[in-house]
Amino acid sequence: MEKIVSLCKRRGFIFQSSEIYGGLKASYDYGPLGVELKKNIKETWWSDMVHCRNDIVGLDCSIVMHPDVWKASGHLAGFSDPLVDCKNCKERFRADQAPRTEAGTEVEFREGGKSSGSKLKGVVDKRGYVCPVCGCPDLSAERQFNLMFRTSIGPVDPLQEIADAAGELADLDMKGRMKKLHEIVARSAVYLRPETAQGMFVNFKNILDSSRVKPPFGIAQVGKSYRNEITTSNLTFRTCEFEQMEMEYFVKPGEDEQWYDYWRNTRLSWYVKLGLSQDKLRLRDHKQSELAHYAKACADIEYYFPFENQDGEGEWGELEGIANRTDYDLKKHSGFTGKDLSYFDPETKERYIPYVIEPAAGADRAALAFLCDAFDEEIVPTAKGGEEVRTVLRFHPKIAPVKVAVFPLVKRDGMPEKSQAIMDDLLSTGINCFYDHGGAIGRRYRRQDEAGTPYCLTVDSQTIEDDTVTIRDRDTMQQERIPMNGVVEIMKKRIGN
RNA sequence: GCGAAUGUAGCUCAGAUGGUAGAGCGCCAGCUUCCCAAGCUGGAUGUCGCGGGUUCGAAUCCCGUCAUUCGCUCCA
């Protein structure tokens, strides 16, 4: 994994955000190659989900939505669980999941939370629970960790309103003061969406009325979402700002289970089609206890990332979740707004609230998985008969950032001019290409290998005579000669455009 | 946010006991080179994460802070 991180930075895939200012926790920027990779993934997803089928339409909705959307969806309550720190063993846990013990009971625990150490005694306070790890009742205050990013809309800074109310606040006790502060903040509070899905539910009726769709049909959206994650880790795997590729598929109740199966399989095979190793992919069904409150069933598509854990092994990480969200969301929004979000089938004269099957993928995670999977080091013979390591990113041509590189074998005899002519042809088609005349030819090939460029075209002395060039394959390093004027067609064919 | 470790050139890292910073690779220019990180010559690059303190003097010692990695937790 360190090698991948290093390569990402060296070649311009991923940089740390605001790096010259010392970086910002778990924020990353995509460099010139990274943005191409991620964009290719998103475009392929969009193409496969929206353009290549006639039952799914697209949507691009605002990141900041009406705050009540999040009340209805349950995020405003469910995303803020009171957490408590144990003063004995330093464990942090959720107050609602701690073992209950009656207030006033005297309990025993070990110093530092270890099995050895002197026995200590303590009395459970009025909260009525103890540390789930060491059983200690000496705990910090319950603190809210809001997992949504809150900001305010409107020109008046809520801090100003708080300042104006300072006198009133000073007279209140802590509980009353927090309540009053919440009231003030709530007047202008809005949230950065923690998922794109709610945009599809909120626009369900708009799309139904404007797009001549009928169940089963889907709404797809690609966009940024934000969550204050407690812990972040492993490069772009878990970040506070991330990009989702989500699709909500609305079906008739009773048909939901078959569509759930359909999307599980369809989405898994999508990753395989784009080149992820099948043996590093798995579909993991959630246990009943794992399911979110709104889900009837859920399965994760997981990839075996090379994150090194204690045993030096990799780790399964979620790329995408496929959930049967039932009619939970539409019902909730219907309840909060009083709007009818049911569908009337004119053929069967039936009215129902559709069930929703949701394949929700992380674009950043997909990009990371493709990057990890493409990474390869192989021993190759050198020109001098020795051996060395060749680093190569074996991207599927469809997601490779640069599709083709063009080189003059040497920088004279008209070769640079010929190369430039080929470049002009490629540039005019929009195929992402790259020109390089610096240094030895071998070095240029290897540079492209590290960037994952699937093909290199080289102009040599024979080109000057008969207008053919060599095309070199990234994975096999084999070359063949092709006519110069057929370059664009051959490239289009090979990269699948 | 808690515990532990780390932070020196683009990358990987060296810099015992404090005396104003080094290597390899990469990068740039030129020459050479008809095909896989080749060769030769020359070149550029470091607020030693940031801020403060101790000291005649700090990359080195102390404090704080930011970030990264590994555990706890959560999830796409």
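Here's a quick rundown of the structure.

Conventions used here
- Residues numbered from 1 in each chain as written.
- Chains lettered and ligands numbered in written order.
- Predicted model: local features only at pLDDT ≥ 70, side-chain atom pairs only at ≥ 80, totals over all residues.
- Heavy atoms only, no water.
- Helix = DSSP H or I, 4+ residues; strand = E, 2+ residues; numbered from the N terminus.
- Expected span 1.5 Å × (residues − 1).
- Buried < 20%, exposed > 50% of the residue type's maximum accessible area, 1.4 Å probe, protein only.
- Pairing = 2+ DSSP bridges.
- Phe/Tyr/Trp six-rings, centres within 6.5 Å; stacked < 30°, edge-to-face > 60°.
- Contact = heavy atoms within 4.5 Å.
- Axes fitted to C-alpha atoms, helices over the stretch in contact; angles between N-to-C directions.

## Looking at helix H2 (residues 32–51)
Taking 1.5 Å as the rise per residue, H2 with 20 residues should run 28 Å; its terminal C-alpha atoms sit 27 Å apart, in good agreement. Buried within H2 are the following residues: Leu 33, Gly 34, Leu 37, Lys 38, Asn 40, Ile 41, Thr 44, Trp 45, Asp 48, Met 49 and Val 50.

## A few points about the pairing of strand S23 (residues 455–459)
Within S23, 5 of the 5 residues are buried, leaving the element largely enclosed by the surrounding structure. In S23, alternate side chains face the same way, and those of Tyr 455, Leu 457 and Val 459 on one face and Cys 456 and Thr 458 on the other are all buried. Here strand S21 (residues 404–408) pairs with S23 via 5 bridges, running parallel. Following the sheet pairing, Ala 405 is matched in S23 by Cys 456.

## Overview of the packing of aromatic side chains
Scanning all chains against the criterion turns up 18 aromatic pairs. Between the aromatic rings of Phe 204 and Phe 250, the centroid separation amounts to 4.7 Å while the plane-to-plane angle is 40°, which identifies the pairing as tilted. Here Phe 204, found in helix H9 (residues 204–210), pairs with Phe 250, found in strand S12 (residues 241–251); they are 46 residues apart in sequence, far enough to count as distant. Of the two residues, Phe 204 and Phe 250, both sit in the buried class. Ring geometry for Tyr 249 and Trp 259: centres 4.9 Å apart, planes at 55°, overall tilted.

## Concerning the environment of Tyr 435
Note on placement: Tyr 435 falls in strand S22 (residues 433–435). For Tyr 435, a relative accessible area of 22% gives the class partly exposed. For the pair Tyr 435 and Ile 322, spaced 113 residues apart in sequence, the C-alpha to C-alpha distance is 42 Å. Look past the residues within four positions of Tyr 435 in its chain and what remains in contact with it is Val 406, Pro 408, Pro 416, Ser 419, Gln 420 and Met 423.

## Let's talk about the sheet that holds S22
Pairing is mixed across the open sheet formed by 5 strands, whose spatial order is S22-S21-S23-S24-S25. In this open sheet, the two strands that pair with only one neighbour each are S22 and strand S25 (479–483). Shown here is a sheet whose adjacent strand axes are inclined to one another by a mean of 25°, direction ignored. Packed on one face of the sheet, helix H14 (residues 441–451) meets S21, S22, S23, strand S24 (468–473) and S25 and runs near 170° to S21.

## Some thoughts on the sheet that holds strand S11 (residues 217–226)
By definition, the strands of a sheet pair up through backbone hydrogen bonds, in either a parallel or an antiparallel sense. Reading across the sheet, the 7 strands line up as S3-S11-S12-S18-S15-S14-S13 and stay open at both edges, with mixed pairing between neighbours. The sheet is open, and its two edges are formed by strand S3 (56–58) and strand S13 (281–285), each paired on a single side. Sheet twist, expressed as the average angle between the axes of neighbouring strands with direction ignored, equals 25°. Summarising the sheet, strand S14 (residues 297–305) and strand S15 (residues 315–326) pair through 9 bridges and their orientation is antiparallel. Along S15, the bridge assignment pairs Ile 301 with Glu 320. Each of S3, S11 and S12 touches H2; the most contacted strand, S11, lies at about 160° to it.

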